[in-house]
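This is what each chain is made of:
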Amino acid sequence: MKRKPSNFYLLYNKDLKNYEVEENILDNFLKKYDNENITDFHFEPHEEKVDVKARYCGDLITLETMGVYEYEVVLNKLLINCGYDIVKDFENIDGSFNFQNVNYRASFVRSSEGISCVLRKLRNINDIKVFMEPLILSNVEKLIDQKSKMLIFSGPTGSGKTTTMQYIVNKFKRKRKVHSIENPIEYINPGIIQIVSKIEEDKADILKYILRQDPDLIVVGEIREENFAKLLFESSITGHLVFSTLHAKNVFLVLQRLKMFGIEVRNLSESLDLILNQRLIPRNCPFCQGNGCQHCYNTGKKGFITVFEGLIISKNLKKDFSQGKSINFISEKYKNSDRYIDPLPVLRKFFNEGLISEDQYSNNLSSF
Ligand SMILES: [Zn+2]
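Parameters at a glance
- Residues numbered from 1 in each chain as written.
- Predicted model: local features only at pLDDT ≥ 70, side-chain atom pairs only at ≥ 80, totals over all residues.
- Heavy atoms only, no water.
- Axes fitted to C-alpha atoms, helices over the stretch in contact; angles between N-to-C directions.
- Helix = DSSP H or I, 4+ residues; strand = E, 2+ residues; numbered from the N terminus.
- Parallel < 35°, antiparallel > 145°, perpendicular 65-115°, else oblique.
- Left-handed = near helix turned anticlockwise from the far one by under 90°.
- Contact = heavy atoms within 4.5 Å.
- Nonpolar A, V, L, I, M, F, W, Y, C, P; charged D, E, K, R; others polar.
- UniProt positions renumbered as here; feature names shortened; annotations may be inferred.
- Salt bridge = Lys/Arg side-chain N within 4 Å of Asp/Glu carboxyl O.
- Buried < 20%, exposed > 50% of the residue type's maximum accessible area, 1.4 Å probe, protein only.
- Donors = N, O, S within 2.8 Å, 3.2 Å for Na, K, Ca; no water.
- Tetrahedral: all angles 85-135°; square planar, octahedral: opposite > 155°, others 65-115°.
- Pairing = 2+ DSSP bridges.
- Polar contact = N/O pair within 3.5 Å; in protein donor to acceptor, adjacent residues only side chain to side chain.
- Phe/Tyr/Trp six-rings, centres within 6.5 Å; stacked < 30°, edge-to-face > 60°.
- Lys NZ or Arg CZ within 6 Å of the ring centre and 35° of its normal.

Structural notes on the packing of helix H5 (residues 202-211) against helix H6 (residues 226-237)
Item 1. Running from N to C, H5 and H6 point in directions that differ by 15 degrees, and their axes come no closer than 10 Å. The angle between H5 and H6 places the two elements in the roughly parallel class. Here H5 runs over H6; the crossing is left-handed. Where H5 abuts H6, its residues Lys-203, Ala-204, Leu-207, Lys-208 and Leu-211 lie against Phe-228, Leu-231, Leu-232 and Ser-235.
Item 2. Considered class by class, the residues forming the contact of H5 with H6 number six nonpolar, one polar and two charged.

In C-alpha cells, the structure reads:
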C-alpha cells in the first residue's frame, strides 16, 4: 500500500516489520555523508520519490534518491530526535538534535508533495579556524580590552562575517562576560550567553536587559534597522565593547551605511576604530586542482579561504569624517595609506599559488 506523505504521522507503536533495520536509515545516512564541507541536507519530496541534496562548499549537489517509505521512516526518526511525540496534524515546525557529536537543526515545511525537510549542521566554534593576518589580529587585540568601542565585521551575504566574529569572540572570551543576540544561532560557542531573538523588534528589548547584566562584550548579528543601529552605538559610547556584522561591499561603504542609518557622526568617530570586510572563497580541491573528482563531489572545491580588507580609523580619518567629507573623498585619500589593509595582494597570492580558481580570482577582484 502506498503511503501518502502529506498525511504523515508518526509510525511508532505501529506494527512494522524490520523496524530495527529501518530505524538505522537516518543514522546510516548521516554517517555516509559525514563531510566537514557539507553544511546542510535537503530532502525534497515528490509523488514517487524524494530527492536528497546537500549544500557542499556553497553548491547545492544531488546526493541520492530516496524511496517515499524510506523517507517517512527518516522523518519519524528526525521528529523523535527533535523531541516531538505525536504529530497528527502536521504544522511547519523546527527542532534540533545531536548525532555523533554533531548538532543538527531540522526544519520541516509542508509542501504540496509532502514534508520538505532541511537539516543544518550547527558547528561548535572550537572546530573552526579562521586564518587572520597578524596586522588585523593585532588591531583586534588592541580593541578587545577597551570600552566604548565598536568592531564591525562586514561583507556580502555568505562572506563568513558571522564566522569570523564568533571566532574572535571565542579566542578572547576567557575572563569576559559575553552576551550575544542571534537569529538563528549559527555556532555553538560554549562559555558565552547566546540569546535567540526570533523577531527583529525584540532585539532592542533584549539589549536593554543585557545592559543590566554587567557585560564586557556584547555581540549582535547583522545591523539591519535604523533604531536598533542607533541604540547599539549608544550602548557602545556609554562604556561597552560591541561587535556586530553589517552587509556591505567594502569598508568605506560601511561608513556610508552607518551614516545613512542616522547615527551621529560624533558617535561613529568616537567608537569606531576598526572595520573589517571579507570574502569567503572556495578553495580548489587538492586532489583534482579544481577539475572535479570523487573527493569533492565533482565540484572542484574543498573548503574555503578568507580574504580580508581592513580599515584602521586614524585620527585624521575621524576628523575628515566628522567634518562631513564624502565617502568618495575618504576612500580616495585613505585607500593608499598604511591604515588600509588591501585584500587584493592576498587574493593575487592565493591565485598564484593555485589555491583558488581563475573564476574565483577575477570575480572577487572586482567585488570590493
Ligand atoms: Zn576534487
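A short note on the UniProt feature "domain: AAA+ ATPase" (unreviewed entry) in the protein chain
Item 1. With numbering matched to this structure, UniProt assigns "domain: AAA+ ATPase" (unreviewed entry) to residues 147-265.
Item 2. End C-alpha to end C-alpha, residues 147-265 measures 19 Å, and it is 38% helix and 24% strand.

Looking at the pattern of salt bridges
Item 1. Applying the stated criterion to the full structure yields 16 salt bridges.
Item 2. Two residues, Glu-64 and Lys-32, come together in a salt bridge whose shortest N-O distance is 3.1 Å. With Glu-64 in strand S3 (residues 59-67) and Lys-32 in helix H1 (residues 19-32), this residue pair connects regions lying 32 residues apart in the sequence.
Item 3. With a relative accessible area of 57%, Lys-32 lands in the exposed category.
Item 4. Note that Glu-200 is salt-bridged to Lys-203, the shortest N-O span being 3.1 Å.

Some points on the coordination of the zinc ion
Each angle at a metal carrying four tetrahedral donors should ideally be 109.5 degrees, and each at a metal carrying six octahedral donors should ideally be 90 or 180 degrees.
Item 1. At this site the zinc ion is bound by Cys-285 (SG), Cys-288 (SG), Cys-293 (SG) and Cys-296 (SG), with donor distances of 2.3 Å.
Item 2. Geometry at the zinc ion is tetrahedral, judged from the four donor atoms that bind it and their angles of 104 to 112 degrees at the metal.
Item 3. Positions of the donor residues of the zinc ion, expressed as sequence spacing, correspond to C-x2-C-x4-C-x2-C.

What to know about the sheet that holds strand S13 (residues 272-284)
Item 1. Read across the open sheet, the eight strands follow the order S10-S8-S11-S12-S7-S13-S14-S15; overall the sheet is mixed. Pairing within the sheet leaves two strands with one partner each, and these edge strands are strand S10 (193-196) and strand S15 (340-341).
Item 2. In terms of strand pairing, strand S7 (residues 149-155) meets strand S12 (residues 241-247) through seven bridges, oriented parallel. Bridged to Met-150 within S12 is Val-242.
Item 3. Sitting on the sheet, helix H7 (residues 251-260) is in contact with S7, S12, S13, strand S14 (301-312) and S15, with an inclination near 130 degrees to S13.

Observations concerning the side chain of Asp-51
Item 1. Looking at the secondary structure, you find Asp-51 in strand S2 (residues 49-56).
Item 2. A polar atom in the side chain of Asp-51 sits 3.0 Å from the side chain of Lys-49.

Observations regarding the packing of aromatic side chains
Item 1. Per the stated rule, a full pass over the model turns up ten aromatic pairs.
Item 2. Between Phe-29 and Phe-43, the aromatic rings sit 5.4 Å apart at their centres with planes inclined by 50 degrees, giving tilted as the arrangement. Residue Phe-29 is located in helix H1, and its partner Phe-43 is located in strand S1 (residues 38-45); the two are separated by 14 residues in the primary sequence. Like Phe-43, Phe-29 is buried.
Item 3. Seen in terms of ring centroids, Phe-43 and Tyr-71 are 5.6 Å apart; in terms of plane orientation they differ by 20 degrees. Their pairing is stacked. Note that Phe-43 is positioned in strand S1 and Tyr-71 in helix H2 (residues 68-81), a separation of 28 residues in sequence. By the burial criterion, Phe-43 is buried, and Tyr-71 matches it.
Item 4. Put simply, the rings of Phe-29, Tyr-33, Phe-41, Phe-43 and Tyr-71 pair up and form one aromatic cluster.
Item 5. In this arrangement the basic side chain of Arg-212 is found over the ring face of Tyr-209, its NZ or CZ atom lying 4.7 Å from the centre.
Item 6. Between the NZ or CZ atom of Arg-279 and the centre of the ring of Phe-368, over which it lies, the distance is 4.0 Å.

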